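# Understanding the architecture of this molecule
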Amino acid sequence: MTSFEPRSDVDLSVPSAARAYDYFLGGAHNFAVDRAFADQVLDIAPSVPAVTLLNRAFLRRVVQYCLDQGIRQFLDLGSGIPTVGNVHEIAQQVDPAARVVYVDYEPVAYAHAKQLLSGNPFAAIIQADIREPGKILDHPETRRLIDFSEPVAVLMVGVLLFISDDDRPADLIAHYRERLAPGSLVALSHIASELASPELRAEVARLVQAYAAADEYVHVRTHEDILAWFDGMTLVEPGLVCLPDWSTDGRVEDGDSVARPLGYGGVGRVG
């Protein structure tokens with residue numbers, strides 16, 4: 001991958017959730033402070049890398065499903081640091097003119113994605129907070145690449161766990177959904193622990209505490225909580241299920257992963 005230098009305004013004394021996630025995926029776009037934090041997380045919650053891999057595999061299957069449905073425009077909210085298996089890489093293998101808008105507020109994620117996407121006329125990165133949908137949906141880059149009169153895939157994969165109840169995630173999702181044409185798809189994945197063993201639930205609790213200590217806040221929710229976010233949409237089969245179980249062809253991928261009960265994923269169809 002292309003090398004990059006951190007922006008001068010990036011505080012390298014503070015770990016970043018996005019860069020730690022990149023480290024868990026085996027990426028190279030992280031710094032010593034992130035790796036130290038991630039190693040601390042691994043000490044108390046060793047299943048975290050397995051969760052991140054399940055989440056990434058879910059994203060890949062969702063993008064392929066969207067492509068199979070004829071969708072060629074993607075809005076990836078909270079995209080994080082670009083690493084192998086990005087949305088534009090998957091989509092543009094099928095259609096080189098597939099359009100992708102990434103959104104992330106983390107400075108390093110933005111800086112590196114901007115560098116990575118340089119020269120790609122059909123993909124762009126916006127530095128923005130997903131809690132401000134108006135700014136994202138009306139951003140010049142979004143307007144350049146996304147035609148909201150045609151179906152769009154909106155991806156909220158592994159990002160809503162950082163959105164508190166005070167920020168009203170259901171209303172946030174509805175705001176995006178209301179701008180979408182019939183046939184659009186909204187994909188969500190989220191951490192959960194209600195199906196986990198007591199040992200795994202204890203891991204999740206320690207994970208939440210570790211992130212809070214680093215001034216990053218993770219919100220664990222239930223199947224019922226997440227299911228309500230699909231109001232106004234039709235769930236695509238198999239519905240809201242454990243991450244490795246989400247497949248439209250009936251095949252289960254990584255079903256024996258230790259992290260299987262630690263997250264849900266689902267896709268809703270608009271209209």
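Structural data are supplied above this passage.
The present account deals with the structure reproduced in this document. As the structure is a computational prediction, the values presented were derived from the model and not from experiment. (Residues numbered from 1 in each chain as written. Predicted model: local features only at pLDDT ≥ 70, side-chain atom pairs only at ≥ 80, totals over all residues. Heavy atoms only, no water.)

### A short note on the packing of aromatic side chains
Which entries qualify depends on this criterion: For this analysis, a ring pair means two rings from Phe, Tyr or Trp (six-membered ring only for Trp) whose centres lie within 6.5 Å, classed as stacked if their planes differ by under 30 degrees, edge-to-face if by over 60, and tilted for the remaining angles. Strands here are runs of E lasting at least two residues and helices are runs of H or I lasting at least four, both read from the DSSP assignment and numbered beginning at the N terminus. Using a 1.4 Å probe on the protein chains alone, a residue whose accessible area is under 20% of its type maximum counts as buried, one over 50% counts as exposed, and one in between counts as partly exposed. We count a charge as sitting over a ring when the NZ of a lysine or the CZ of an arginine lies within 6 Å of the ring centre and within 35 degrees of the ring normal.
Per the stated rule, a full pass over the model turns up five aromatic pairs. Seen from their ring centres, Phe37 and Tyr211 are 5.1 Å apart, and the 85° between their planes marks the pair as edge-to-face. Of this pair, Phe37 sits in helix H2 (residues 32–44) while Tyr211 sits in helix H9 (residues 198–213), and the two are 174 residues apart along the sequence. Here Phe37 and Tyr211 have matching classes, each one buried. On the basis of an interplanar angle of 85° and a centroid distance of 5.8 Å, the ring pair of Phe58 and Trp246 is categorised as edge-to-face. You can see Phe58 sitting in helix H3 (residues 48–68) and its partner Trp246 sitting in the loop between strand S7 (241–242) and strand S8 (263–270), a full 188 residues away along the chain. The exposure class of Phe58 is buried, given its relative accessible area of 0%. Taken together, Phe37, Phe162 and Tyr211 form an aromatic cluster joined through their ring pairs. Positioned above the aromatic ring of Phe148 is the side chain of Arg179, whose terminal nitrogen or guanidinium carbon lies 5.4 Å from the ring centre.

### Thoughts on the packing of H2 against H9
How two helices pack is summed up by the angle between their axes together with the distance between the axes. Put simply, the rule reads: Between N-to-C directions, angles cover 0 to 180 degrees, with each direction set by a line fitted to C-alpha atoms, over the stretch in contact for helices. Oblique is the label for any angle not covered by the other classes, which are roughly parallel (under 35 degrees), roughly antiparallel (over 145) and roughly perpendicular (65 to 115). Handedness of a crossing follows from how the near helix is turned relative to the far one, being left-handed for an anticlockwise turn of less than a right angle and right-handed for a clockwise one. Between two residues, a contact is recorded if the distance between any of their heavy atoms is within 4.5 Å.
At a minimum axis separation of 9 Å, H2 and H9 run at an interaxial angle of 155°. One way to sum up the angle between H2 and H9 is to call them roughly antiparallel. Judged by the sense of rotation from one axis to the other, the crossing of H2 with H9 is right-handed. Along the contact surface, H2 presents Phe37, Val41 and Ile44, while H9 presents Glu203, Arg206, Leu207, Ala210 and Tyr211.

Read these as spatial facts, not as claims about activity.
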